[in-house]
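Examination of the molecular architecture
Residue-level listing of the chains:
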Amino acid sequence: MFESRTFAFQASVFLLFVVGPSCLVVGRSVNREDVDTESLELVHVLFRHGDRTPDRRALYKNDPYYNVTYFPIGNGQLTNAGKRKEYNIGKELRSRYYEFLRDDKFTLDTVDARCTDYNRTKMSLQLVLASLFPPRGNYVWENRLDWQPVPFNYWPVKEDHVLADPLENCPRYNKLFWNYLNSSEGRKLYENYTEVIQYLEHHTGSPMTSKDFADLYFTLTTERENGYDHPEWAKPIYHHIQDLCIKDYNVSTATPELKKFVVGFLVKKIIDDTYTKIKGVDKGTKIYLYSAHEFNVAIFLRYLDVFYSHVPPYGSYVIVEVHNYGGIRGLKFFYQDYTEGKPKRLSIPGCGGQFCKLTTFVRLFEHMFPETENDCFNLDGLF
Ligand SMILES: *[C@@H]1O[C@H](CO)[C@@H](O)[C@H](O)[C@H]1NC(C)=O
Ligand SMILES: *[C@@H]1O[C@H](CO)[C@@H](O)[C@H](O)[C@H]1NC(C)=O
Ligand SMILES: *[C@@H]1O[C@H](CO)[C@@H](O)[C@H](O)[C@H]1NC(C)=O
Ligand SMILES: *[C@@H]1O[C@H](CO)[C@@H](O)[C@H](O)[C@H]1NC(C)=O
Ligand SMILES: *[C@@H]1O[C@H](CO)[C@@H](O)[C@H](O)[C@H]1NC(C)=O
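About the cut-offs
Residues numbered from 1 in each chain as written. Chains lettered and ligands numbered in written order. Predicted model: local features only at pLDDT ≥ 70, side-chain atom pairs only at ≥ 80, totals over all residues. Heavy atoms only, no water. Near = heavy atom within 4 Å. Polar contact = N/O pair within 3.5 Å; in protein donor to acceptor, adjacent residues only side chain to side chain. Areas by Shrake-Rupley, 256 points an atom, 1.4 Å probe, with all protein chains shown as cover. Helix = DSSP H or I, 4+ residues; strand = E, 2+ residues; numbered from the N terminus. Nonpolar A, V, L, I, M, F, W, Y, C, P; charged D, E, K, R; others polar. Buried < 20%, exposed > 50% of the residue type's maximum accessible area, 1.4 Å probe, protein only. Contact = heavy atoms within 4.5 Å. Phe/Tyr/Trp six-rings, centres within 6.5 Å; stacked < 30°, edge-to-face > 60°. Lys NZ or Arg CZ within 6 Å of the ring centre and 35° of its normal. Axes fitted to C-alpha atoms, helices over the stretch in contact; angles between N-to-C directions. Left-handed = near helix turned anticlockwise from the far one by under 90°. Disulfide = S-S within 2.5 Å.

What surrounds ligand 5 is the set Asp-243, Lys-247, Asn-250, Arg-302, Phe-307 and Ser-309. Between ligand 5 and the protein, one listed contact pairs an oxygen atom with a side-chain N or O atom of Lys-247 at 3.4 Å. Note that an oxygen atom of ligand 5 is positioned 2.3 Å from one of the side-chain N or O atoms of Asn-250. With the chains in place, 61% of the 360 Å² that ligand 5 exposes on its own is no longer accessible. Here the shell around ligand 5 gets 3 residues from one element, more than from any other, and that element is helix H10 (residues 238-252). When the residues that make up the shell around ligand 5 are grouped by side-chain class, the tally is 1 nonpolar, 2 polar and 3 charged.

See below:
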């Protein structure tokens, strides 16, 4: 069922149709002035996939649209609106980092791209790569096609501690999560929702806990986006379902130890990759791309203590820039949630404003860096 490490290097047929030279006019754009290219050394970007159809796995028992197949797109797959959204991420990044990435310096090591083992995040990543790295110079290989293949990787859920859901692959996290939900503190978070939850269980025909609310929220949301309106029972309480979905982000990251296992592997990788770059022992990577889900974006913001109550929209992304000001290394964080034209600057609490010194960042967060993946399999102290 699980392949070992998979190397996807695909010339996807769909790209032949969506990418044309006319799509790739790079304007001297709006947000270039935000970027201090002189001091920029490395960029990390985490993004959500684009608009999609409902996932079969997440449908509820009494779903009136249970048998809808969304042919020919299929369940849980990117729609054309979703493809455009992801393609636009690459355009925004290309415009933002045009001087930094330098077409004439492009090699296959310029970008390190990975995604979760889902069709929609794989396709999203291909779309971002397509608009971020159109072929130039020696890379032009077909005059009528402004696209080139760029490699990316993904790992099966069981092996992916960086982006996959730790409830699926990290037994320590799994235990901590359910213990927390069943603790007096955890139960208190839902104290005002008892009636809502009973109502939902009655109408869906399914028992409901933390993760089920998110599944229900996305099922209802994506059904409506694809032309299947909410059933009557859901209309008056849709906003409560959204609150419960957001609550799951909070519960999933409620303690430092939960944060350590649900986001810490990613943050630690970002910091490790940053040090590799600073030491000059890297392969020349300029940008790391992580194609994942709204959950990854939300909990990453929670980890950094900059989350506000919302569901990260399709195509939302967080940027971590590494800068070098005269030997002082630090990080700048930005979040594109499309509420303003350009990505917003984030200030990490305790980090001294919008430029967070790397050493300060490590001091603030290293207690939430896991040592190794083995930590996931150590159940010491849990019952
Ligand atoms: C879905 O299809 C199954 C099998 O044909 C049928 O029993 C069920 O009633 C259908 N459900 C809905 C909601 O249409
Ligand atoms: C990915 O897409 C293929 C082709 O449509 C489909 O057979 C497969 O079930 C999809 N996988 C997932 C996890 O959606
Ligand atoms: C939840 O906690 C109670 C006591 O606080 C305990 O009796 C029960 O077994 C726990 N349930 C689970 C599923 O851990
Ligand atoms: C539940 O409602 C009460 C009364 O409005 C409020 O004081 C309390 O903070 C609420 N609990 C939560 C977890 O929101
Ligand atoms: C989740 O936590 C944030 C703070 O990170 C808080 O503002 C928000 O009210 C919480 N949301 C819910 C639905 O409990």
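Resuming the write-up.
Examined against the element boundaries, Gly-353 turns out to sit in the loop between strand E8 (344-346) and strand E9 (356-357). Accessibility expressed as a relative area gives 34% for Gly-353, which makes it partly exposed. With 21 residues separating them along the chain, Gly-353 and Lys-332 place their C-alpha atoms 9.5 Å apart. In contact with Gly-353, not counting residues within four places along its chain, are Ser-347 and Ile-348.

Here we take up the packing of aromatic side chains. To describe a pair of aromatic rings, you give the distance between the ring centres and the angle between the ring planes. Applying the stated criterion across every chain yields a total of 18 aromatic pairs. Arranged with centres 5.1 Å apart and planes meeting at 75 degrees, the rings of Phe-106 and Tyr-139 form a pair that is edge-to-face. Placement of Phe-106 in the loop between helix H3 (98-101) and strand E3 (111-115) and of Tyr-139 in the loop between helix H4 (119-132) and strand E4 (152-154) is noted, with a sequence separation of 33 residues between them. Judged by relative accessible area, Phe-106 falls into the buried class, the value being 8%. Measuring from centroid to centroid gives 6.2 Å for Tyr-249 and Phe-295, while their planes differ by 50 degrees, and the two rings are tilted. On the criterion of sequence distance, the pair formed by Tyr-249 in helix H10 and Phe-295 in helix H13 (residues 294-303) is long-range, its members being 46 residues apart. Taken together through their ring pairs, the aromatic side chains of Tyr-303, Phe-333, Phe-361 and Phe-365 make up a single cluster. Of note, Arg-96 hangs over the ring of Phe-334, and the distance from its end group to the ring centre comes to 4.3 Å. Here Lys-247 stacks its cationic end above the ring of Tyr-190, 5.9 Å away from the centre of that ring.

Let us now look at the packing of helix H6 (residues 171-181) against H10. In the contact formed by H6 and H10, the axes pass within 10 Å of each other and the chain directions differ by 120 degrees. Between H6 and H10 lies a crossing whose hand is right-handed. Counting all contacts with H6, which are made through Tyr-173, Phe-177, Tyr-180 and Leu-181, the residues of H10 involved are Asp-248, Val-251 and Ser-252.

Around ligand 4 lies a shell formed by Lys-188, Glu-191 and Asn-192. Contact between ligand 4 and Glu-191: a nitrogen atom at 3.1 Å from a side-chain N or O atom of the residue. Within the side chain of Asn-192, an N or O atom sits 2.4 Å from an oxygen atom of ligand 4. Contact with the protein chains removes 31% of the 360 Å² of surface that ligand 4 exposes when unbound.

Moving on: the state of the cysteines. Working definition: the covalent bond between the sulfur atoms of two cysteines is a disulfide. All told, the structure shown has 2 disulfides when counted by the stated rule. The partner cysteine of Cys-170 in its disulfide is Cys-376, sulfur to sulfur 2.1 Å. With the S-S dihedral at roughly -90 degrees, the linkage between Cys-170 and Cys-376 falls on the left-handed side. Within this pair, whereas Cys-170 is found in the loop between helix H5 (166-169) and H6, its partner Cys-376 is found in the segment after helix H14 (358-365), the two being separated by 206 residues in sequence. Relative accessible area serves as the criterion here: at 1%, Cys-170 is assigned to the buried category. By relative accessible area, Cys-376 is classed as buried at 0%. A sulfur-sulfur distance of 1.7 Å marks the disulfide that ties Cys-351 to Cys-356. Each member of the pair, Cys-351 as well as Cys-356, carries the same accessibility label: buried. Among the cysteines of the chain that take part in disulfides, numbered as they appear in the sequence, the pairing is 1-4, 2-3.

Purely geometric numbers; function is a separate question.
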